[in-house]
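Summary of structural features
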Amino acid sequence: MAFQKAVKGTILVGGGALATVLGLSQFAHYRRKQMNMAYVKAADYISEPVNREPPSREAQLLTLQNTSEFDILVIGGGATGSGCALDAVTRGLKTALVERDDFSSGTSSRSTKLIHGGVRYLQKAIMKLDIEQYRMVKEALHERANLLEIAPHLSAPLPIMLPVYKWWQLPYYWVGIKLYDLVAGSNCLKSSYVLSKSRALEHFPMLQKDKLVGAIVYYDGQHNDARMNLAIALTAARYGAATANYMEVVSLLKKTDPQTGKVRVSGARCKDVLTGQEFDVRAKCVINATGPFTDSVRKMDDKDAAAICQPSAGVHIVMPGYYSPESMGLLDPATSDGRVIFFLPWQKMTIAGTTDTPTDVTHHPIPSEEDINFILNEV
């Protein structure tokens, strides 16, 4: 079973072993012997949806209850989980997807709304001669082009301005941005260019004028992360995946493999959060795509499992729309503590962020006063 689309997550395989998967493209290189995963023979690729309209939630719940065994059960209805479900069901695998809250209610709806390769990652790749960072940037730029092509109604190119306050920084940043264009290759959205001080102030009149020497504009992608997530989940449902929100996994099911004698995961006990009803959903393979809650599901498999996830909080604040023009964002590459802050137009408002601080996992995270004040001070 070879998943080839690149998404991030953690997979709980049928043998009860857990493996962190950085990309499902890498997952194809794992073999059955290495991962002790139940082999599932996929049918021919499904090219047409089986449902013109997604079935109702009630119909989906009946499918979850009445199916004797799924090939794959995905826990988590964020971007990763929905992507896994869509990938699996279009390969002909009998697929189930359960989400404790609304689809895209967590991290997948709280991003900076950018699809980008990462200018800072490219800088690190060059400065530290890190080939892995370079490959990550190149792959991300390829995925950026892919999203812009397959979902133009949810994604669009966005020019981002980089203000420059020292003359020597102008050629330095210009070379770096041009390298970013070069790495994108044929996927380059539009060539970057230099703006004079007066033109930069026309776009962002609230910039500090005294030391400003000019600006560089480069192009990245912007997209609606929440709607993209919903579109993927709805598409999976149209192709036949049993998909239900407000379904919480309370425990994992296990059984003994008659051939090896080992205990392996064989599904999950699910609870309808709206009614309190509980029932079992059995599957040959269970995928843990719960993001920051990865370890809580892992501990259902093995209560002594060591934590592998270090959650961090990235805070954004929403500001009035006049802080940025409707068609251009701004990047501050050197904040007081060395982090990067974006100012991006979004639905007639301006998003400013983000921070990156260690935090505890909570179902409904809220920003700290410290993080809010940091962003406001940088503004």
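Quick note: structure is the one above.
Since we're looking at a predicted model, the values are computed, not measured.

Points about the packing of helix α6 (residues 131–150) against helix α7 (residues 169–184)
For the pair α6 and α7, the least separation of the axes is 9 Å and the interaxial angle reads 65°. Taken together, α6 and α7 sit at an angle that is classed as roughly perpendicular. Considering how the two elements wind past one another, α6 and α7 form a crossing that is right-handed. On α7, the residues touching Y134, V137, K138, L141 and R144 of α6 are Y180, V183 and A184. Taken together, the residues that form the contact of α6 with α7 break down as six nonpolar, no polar and two charged.

Description of the pattern of salt bridges
Throughout the structure, instances matching the rule amount to 14 salt bridges. Salt-bridge contacts for R269 lead to D280; the nearest nitrogen and oxygen are separated by 3.0 Å. Here D280 lies in strand β12 (residues 278–288) and R269 lies in strand β11 (residues 263–272), a separation of 11 residues in the sequence. R269 gets classed as partly exposed once you look at its relative accessible area, which sits at 26%. Under the relative-accessibility criterion, D280 is labelled partly exposed at 29%. D280 is paired through a salt bridge with R282; the nearest N and O atoms lie 4.0 Å apart. Each member of the salt-bridge network shares a partner with another, and the members are R269, E278, D280 and R282.

Re unusual backbone geometry
For the bond running from G353 to T354, omega is 25°, close enough to zero to count as cis. With respect to the element layout, T354 can be found in the loop between β17 (349–353) and β18 (357–358). A positive phi is found at S104, a non-glycine position, where the angle reads about 65°. Tracing the backbone through its elements, the reader meets S104 in the loop between β4 (95–98) and β5 (114–115). In this model, K348 sits at a positive phi of 65°, which is unusual for a non-glycine residue. Along the polypeptide, K348 turns up in the loop between β16 (341–346) and β17.

Some words on a nonpolar patch on the surface
A surface patch of nonpolar side chains, amounting to about 520 Å² of accessible area, comprises I126, W174, V175, L179, L182 and V194. Looking at the nonpolar patch element by element, the count peaks at four residues for α7. Structurally, the position occupied by V194 is in strand β7 (residues 193–195).

A short note on the environment of Q208
Along the chain, Q208 turns up in the loop between α8 (197–203) and β8 (214–223). Using a relative accessible area of 61% as the deciding quantity, one classes Q208 as exposed. The sequence separation of Q208 and Y165 amounts to 43 residues, and the corresponding C-alpha distance is 9.1 Å.

Concerning the nonpolar core
Counting 21 residues, the largest nonpolar core has I160, Y218, L331 and F342 as the members making the most contacts within it. Every element with two or more residues in this core is listed here: α6, β6 (155–164), α7, β8 and β16. Each residue touching Y218, except ones within four places of it in the same chain, is listed here: V119, L158, P159, I160, I177, Y180, S192, L331 and F342.

Definitions and limits used
Residues numbered from 1 in each chain as written. Predicted model: local features only at pLDDT ≥ 70, side-chain atom pairs only at ≥ 80, totals over all residues. Heavy atoms only, no water. Axes fitted to C-alpha atoms, helices over the stretch in contact; angles between N-to-C directions. Helix = DSSP H or I, 4+ residues; strand = E, 2+ residues; numbered from the N terminus. Parallel < 35°, antiparallel > 145°, perpendicular 65-115°, else oblique. Left-handed = near helix turned anticlockwise from the far one by under 90°. Contact = heavy atoms within 4.5 Å. Nonpolar A, V, L, I, M, F, W, Y, C, P; charged D, E, K, R; others polar. Salt bridge = Lys/Arg side-chain N within 4 Å of Asp/Glu carboxyl O. Buried < 20%, exposed > 50% of the residue type's maximum accessible area, 1.4 Å probe, protein only. Patch = residues over 30% accessible without salt bridge, like charges linked within 9 Å, V, L, I, M, F, W, Y side chains within 5 Å. Areas by Shrake-Rupley, 256 points an atom, 1.4 Å probe, with all protein chains shown as cover. Core = buried A, V, L, I, M, F, W, Y, C linked by side-chain atoms within 4.5 Å.

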